[in-house]
Amino acid sequence: MPDWPGGRVGVRPCTPVTSGGRLRHHRARMTTPSPSVLVLLPLAGALLVRWAPHRWSQVVSLVAAWGGIGLVLPFWFAYDPRNPDFQFVERLGGLGTAHYVVGLDGLSVLFLLATAVLGVASTLLPPRVPAHRQRAWSATLLLAQAGVAGILIALDLLLFAVCWAATLASLARLAAL
């Protein structure tokens, strides 16, 4: 790929714009959802899978997994690699010194996309799980995906620790199934 003026090699801007005879590039503005949705969608999917009829559990799990990719892509395209700060930061007040702070940096955007793709792949190609445990396996997989997303977006140590514990518990349950 060519080296764009003022940009890195391999970062292709959306459209070239000329101003004052000088060629400059800009990124298209894209609205992104709240980063919290990256955790809430797999959680909601896990609850729906657990309470859905058995014949619908696989469909609900696939919809939640594909929805995860659909939610990560706006962050992927709107991320500005030239900005070294955390982007898409969301802050909510908390109790005392505990606050809810989430945001994304370059690695977390990349790993969120990888997590979403692996979530779809593992939903499409499940291991040999007995039919009576399929719903539990799909729900636990979505819980693990939500925990990993929480780990990647957490900017608060308490939130990070809660998501880490939830991920470990989900993965231990997946190993037991």
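Computed from a predicted model, the values in this text were never measured in an experiment.

Caption draft 1: Just the packing of aromatic side chains, in detail. A full pass over the atoms with the stated rule returns 2 aromatic pairs. Measuring from ring centre to ring centre gives 5.0 Å for Phe75 and Phe88, while their planes differ by 75°; the resulting arrangement is edge-to-face. Taken together, the positions of Phe75 in helix α2 (residues 54-78) and Phe88 in strand β3 (residues 87-92) put the pair 13 residues apart, joining distant regions of the chain. Its relative accessible area of 1% is what places Phe75 among the buried residues.

Caption draft 2: Expanded view of a nonpolar patch on the surface. A cluster of nonpolar residues, Leu73, Trp76, Phe77, Leu107, Leu110 and Phe111, forms a patch on the protein surface that exposes about 580 Å² of accessible area. Contributions of two or more residues to the nonpolar patch are made by α2 and α3 (106-124). Among the secondary structure elements, Trp76 is positioned in helix α2. We classify Trp76 as partly exposed; its relative accessible area is 36%.

Caption draft 3: Local environment of the packing of α2 against α3. Orientation of α2 relative to α3, taken along the N-to-C sense of each, is 160°, at an axis distance of 9 Å. Here α2 is positioned roughly antiparallel relative to α3, judged by the angle of their axes. Helix-helix and strand crossings are classified by hand; for α2 and α3 the assignment is left-handed. Taken together, the residues of α3 that come into contact with α2 (itself represented by Gln58, Ser61, Leu62, Ala65, Trp66, Gly68, Ile69, Val72, Leu73, Phe75 and Trp76) are Val109, Leu110, Leu112, Leu113, Ala116, Val117, Gly119, Val120, Thr123 and Leu124.

Caption draft 4: The arrangement of the pattern of salt bridges in detail. Per the counting criterion, the structure on display carries 1 salt bridge. With its nearest N and O atoms 3.4 Å apart, the salt bridge here joins Asp80 to Arg82. Assessed through its relative accessible area of 23%, Asp80 is described here as partly exposed. Residue Arg82 is classed as partly exposed on the basis of its relative accessible area of 48%.

Caption draft 5: Spotlight on α2. Relative to the 36 Å expected for 25 residues at 1.5 Å per residue, α2 spans 38 Å between its end C-alpha atoms, a close match to the ideal helical length. The set of residues buried in α2 consists of Ser57, Val60, Ser61, Ala64, Ala65, Gly68, Ile69, Leu71, Val72, Pro74 and Phe75.

Criteria and cut-off values
Residues numbered from 1 in each chain as written. Predicted model: local features only at pLDDT ≥ 70, side-chain atom pairs only at ≥ 80, totals over all residues. Heavy atoms only, no water. Phe/Tyr/Trp six-rings, centres within 6.5 Å; stacked < 30°, edge-to-face > 60°. Helix = DSSP H or I, 4+ residues; strand = E, 2+ residues; numbered from the N terminus. Buried < 20%, exposed > 50% of the residue type's maximum accessible area, 1.4 Å probe, protein only. Patch = residues over 30% accessible without salt bridge, like charges linked within 9 Å, V, L, I, M, F, W, Y side chains within 5 Å. Areas by Shrake-Rupley, 256 points an atom, 1.4 Å probe, with all protein chains shown as cover. Salt bridge = Lys/Arg side-chain N within 4 Å of Asp/Glu carboxyl O. Axes fitted to C-alpha atoms, helices over the stretch in contact; angles between N-to-C directions. Parallel < 35°, antiparallel > 145°, perpendicular 65-115°, else oblique. Left-handed = near helix turned anticlockwise from the far one by under 90°. Contact = heavy atoms within 4.5 Å. Expected span 1.5 Å × (residues − 1).

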